[in-house]
Amino acid sequence: MHKMEGPVVSNRSRNVLIGICICFAIVVLLPFSLHSSRLGLTGLAAADTLDSRFFAAGKSFGNHAIFGHMVLGGFLTLLVPLQLWGTLRRRAPALHRWCGRLLCGCAVLTGVGGLAYIAVRGTIGGAWMNAGFALYGALLIISALQTVRYALKNRFSDHRTWALRLFVLSIGSWIYRIHYGVWYALTDGLASTPTFEGRFDLIQNFAFYLPYLVALEIWRRWRKPVVIA
Ligand code: HEM
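Residues numbered from 1 in each chain as written. Predicted model: local features only at pLDDT ≥ 70, side-chain atom pairs only at ≥ 80, totals over all residues.

On to the overall build of the protein. In terms of regular secondary structure, the protein is built from 9 helices and 0 strands. Listing each helix as α and each strand as β along the protein from the N terminus yields α-α-α-α-α-α-α-α-α. Here the C-alpha coordinates of the protein stretch approximately 70 × 40 × 35 Å along the principal axes. The buried share among the 229 residues of the protein stands at 26%. Sequence separation of 24 or more characterises 69% of the internal contacts of the protein that already satisfy a separation of 6 or more. (Helix = DSSP H or I, 4+ residues; strand = E, 2+ residues; numbered from the N terminus. Buried ≥ 20, exposed ≤ 12 C-beta atoms within 10 Å, placed from the backbone. Contact = placed C-beta atoms within 7 Å.)

This next bit is on the packing of helix α6 (residues 156-170) against helix α9 (residues 210-223). Closest axis-to-axis distance for the α6/α9 pair is 10 Å, and the angle between their directions is 150°. One way to sum up the angle between α6 and α9 is to call them roughly antiparallel. When you trace α6 past α9, the crossing you get is right-handed. Residues Thr-161, Leu-164, Arg-165 and Val-168 of α6 touch α9, and the partners they reach there are Tyr-212, Leu-213, Leu-216 and Arg-220. Looking at the contact of α6 with α9 residue by residue, the classes come out as 5 nonpolar, 1 polar and 2 charged. (Axes fitted to C-alpha atoms, helices over the stretch in contact; angles between N-to-C directions. Parallel < 35°, antiparallel > 145°, perpendicular 65-115°, else oblique. Left-handed = near helix turned anticlockwise from the far one by under 90°. Nonpolar A, V, L, I, M, F, W, Y, C, P; charged D, E, K, R; others polar.)

Residues in contact with the ligand amount to 22 residues; listed here are only the nearest, Gly-73, Gly-114, Thr-123, Gly-137 and Ser-173. Looking at the shell around the ligand, the elements that each hand over two or more residues are α1 (2-46), α2 (60-79), α4 (93-120) and α5 (127-152). The residue inventory of the shell around the ligand, partitioned by class, reads 10 nonpolar, 12 polar and no charged. (Near = placed C-beta within 6 Å.)

A negative phi angle characterises most non-glycine residues, just as the trans form characterises most peptide bonds. Despite not being glycine, Asp-188 shows a phi value in the positive range, around 60°. By the secondary structure assignment, Asp-188 is in the loop between α7 (172-187) and α8 (199-207).

Let us look at the UniProt feature "transmembrane region" (unreviewed entry) in the protein. UniProt annotation of "transmembrane region" (unreviewed entry) refers to residues 66-86, 98-120, 132-152, 164-182 and 202-219 when read in the numbering used here. For residues 164-182, helix accounts for 95% and strand for 0%, while the C-alpha atoms at its two ends are 25 Å apart. (UniProt positions renumbered as here; feature names shortened; annotations may be inferred.)

With 31 residues, the main nonpolar core has Leu-76, Leu-103, Ala-107, Leu-140, Ala-144 and Leu-166 as its most contacted residues. Secondary structure elements with two or more residues in this core: α2, α4, α5 and α6. Ranked by the residues each element gives to this core, the list is headed by α5, at 8 residues. Beyond its immediate chain neighbours, meaning those up to four positions away, Leu-140 contacts Ala-107, Thr-110, Gly-111 and Leu-169. (Core = buried A, V, L, I, M, F, W, Y, C linked by C-beta atoms within 7 Å.)

This next bit is on α5. Along its 26 residues, α5 runs 37 Å from first to last C-alpha, staying within 8% of the 38 Å computed at 1.5 Å per residue. Where α5 is concerned, the buried positions are Met-129, Gly-132, Phe-133, Tyr-136, Gly-137, Leu-140, Ile-141, Ser-143, Ala-144, Thr-147, Val-148 and Ala-151. Tucked into the core, α5 has its buried residues touching α4, α6, α7 and α8. (Expected span 1.5 Å × (residues − 1).)

Pasting the structure below:
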């Protein structure tokens, strides 16, 4: 009796703990998500009244691309943690599937919007920032497509792997702001310039997602069960 109850109780507490972590993540992501969506919606509705360097008069393609990506990206950042919650996935699989399709669609369009903006206007930081953000966008799009592809093929182990990569990339934009917040609080902006061309800025162009993807791969390999042939 005791032997049977042990794992059940610990599984249940594990699920509750994961649920709490996910709710906490959503609360933490909320301010950035709201900032992004609000800026994007204002930009789409009345960009000419907005004092923003992302608005260029008469260049509606670039305006729509950047402000649209902010709206969808904000939505993606906020809701992507929910997809990782096993309890919700098991209890409401249809919700998981529809939410997943919606979020993967948002991820692709966010990436496409960002890439289109880079192509027509470029970033404030120049070539290295263009490269870092373009790679970020490409990886986000690939991860979203792979996540859906493997789900449709019922290859759930691969689906999970790509979904985790997609999660890391989806919160990458928030991580970027956290890195800057912490760095400015600690160093008052050492090696960072208003045009994002300082040494810290150059590293940041890739450091908000690549190290986290590497950490995820290390974690995946570390916890993989050893298969004896
Ligand atoms: C994942 C969700 C994302 C969110 C929530 C998001 C949000 C934002 C926001 C709010 C800004 C305006 C700057 C600011 O207020 O800090 C911005 C700028 C920008 N984002 Fe995103 N973004 C996301 C993903 C992406 C992706 C995947 C790309 C790459 C293709 C991208 C490319 C850009 C570019 C190029 C800029 C302008 C950079 C500049 O010149 O300052 N974003 N983003």
